[in-house]
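Per-entry structural report
Okay, here's what each chain looks like letter by letter:
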Amino acid sequence: MGIFGRRQTADSEPAPAFGTGASVAEATSRGVALDPALGALTGQWTIDRPHSRIGFSVRHAMVTTVRGAFTDYDSTLYFDGAQPSESRAELVIRVASVDTGVEQRDAHIIGPDFFDARRYPEMTFRSTSTVHEGGETFRMTGDLTIRDVTRPVDLQLDYLGSVLDPFGYERAGFDGTTTIDRTEWGLVYNQRLKAGGTMVSEKVRLQFDISAIRSTS
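Analysis parameters
Residues numbered from 1 in each chain as written. Predicted model: local features only at pLDDT ≥ 70, side-chain atom pairs only at ≥ 80, totals over all residues. Heavy atoms only, no water. Pairing = 2+ DSSP bridges. Helix = DSSP H or I, 4+ residues; strand = E, 2+ residues; numbered from the N terminus. Phe/Tyr/Trp six-rings, centres within 6.5 Å; stacked < 30°, edge-to-face > 60°. Buried < 20%, exposed > 50% of the residue type's maximum accessible area, 1.4 Å probe, protein only. pLDDT = per-residue confidence, 0-100. Contact = heavy atoms within 4.5 Å. Salt bridge = Lys/Arg side-chain N within 4 Å of Asp/Glu carboxyl O. Core = buried A, V, L, I, M, F, W, Y, C linked by side-chain atoms within 4.5 Å.

**Structural notes on the pairing of strand β2 (residues 53-60)**
Both β2 and strand β11 (residues 200-214) contribute to a ladder of 7 bridges, which runs antiparallel. Bridge pairing in β11 links S57 to R205. Two elements, β2 and strand β3 (residues 64-70), share 7 bridges in a ladder whose sense is antiparallel. Bridging across to β3, V58 finds its partner in V66. In this antiparallel pair of consecutive strands, β2 and β3, the connection spans 3 residues, and A61 shows a positive phi of 55 degrees.

The following block contains the structure:
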């Protein structure tokens, strides 16, 4: 997702911070100073899948929460430390990789009632802008596409830190969250409960626990 802040952990390289889509001088004039050293971190980054999680949670039967994750996805992250407006992020998720821990439920989720993975095998997120909201918190706006329906979403992103790990990889981490109404993307399946309410909530919380590493190629 390409969002890195300015806080650093011990023995770390300086970490990039996204601004409001303006130049360093413009950002500084508004009180959102950009560290000039961030320019050294300009380049490609990618999500380290073994140490990351692209997940979701949704209320089930009004009384409990089902959690799951997507295990197969590609990421393209580009950070420009001197001109944050040039930074880009894209995430392509294969929906058939959903894992909620129950095979029967997973088969239902990727079937026609929900993702319809045979017709729509991928969902995507492509960033359009990023704003530093203060401290270690950012807001990334982007286009989320599910079942060929594209709608804008805002992610809240909390920067966790950066470090040069023991294997020589430059690494940065953050948590991202947003809540969507799944029916706006055509995921309308549901069942009514006798006591009132529905079997599956229309509100779905998306969660991004990301460890990103600098690409070496």
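This is not the end of the story, as more comes after the structure.
**Some thoughts on the packing of aromatic side chains**
Applying the stated criterion across every chain, the model contains 3 aromatic pairs. Centre to centre, the rings of F114 and Y189 are 5.3 Å apart; their planes meet at 70 degrees, and the pair counts as edge-to-face. Placement of F114 in the loop between α2 (103-109) and β7 (122-134) and of Y189 in the loop between β10 (170-181) and β11 is noted, with a sequence separation of 75 residues between them. On the basis of relative accessible area, F114 is assigned to the buried category, the value being 11%.

**Quick word on the confidence of the model for the chain**
Summary statistics for the chain give a mean pLDDT of 80 and a share of 77% for residues scoring 70 or more. Mean pLDDT across the elements of the chain bottoms out in helix α1 (residues 24-29) (40) and peaks in strand β6 (residues 98-99) (97). Confidence drops under pLDDT 50 across residues 1-31; counting only partners more than four residues distant or on other chains, this segment forms 110 contacts.

**Considerations on the pattern of salt bridges**
Following the criterion strictly, the structure yields 10 salt bridges and no others. Residue D116 is joined to R119 by a salt bridge in which the shortest nitrogen-to-oxygen separation is 3.7 Å. The closest approach of N and O atoms between R171 and D165, which form a salt bridge, is 3.0 Å. Accessibility assignment for this pair places R171 and D165 in one class, buried. Within this structure, R49, D72, D74, R94 and E122 form a network of salt bridges that share partners.

**Considerations on the nonpolar core**
One finds F70, L91, F115 and L144 to be the most contacted residues of the largest nonpolar core, which totals 38 residues. A total of 6 residues in this core trace back to one element, the largest contributor, which is β11. Apart from residues lying up to four places away in sequence, F70 is in contact with I54, F56, I93, R94, V95, S97, V98, F115 and M123.

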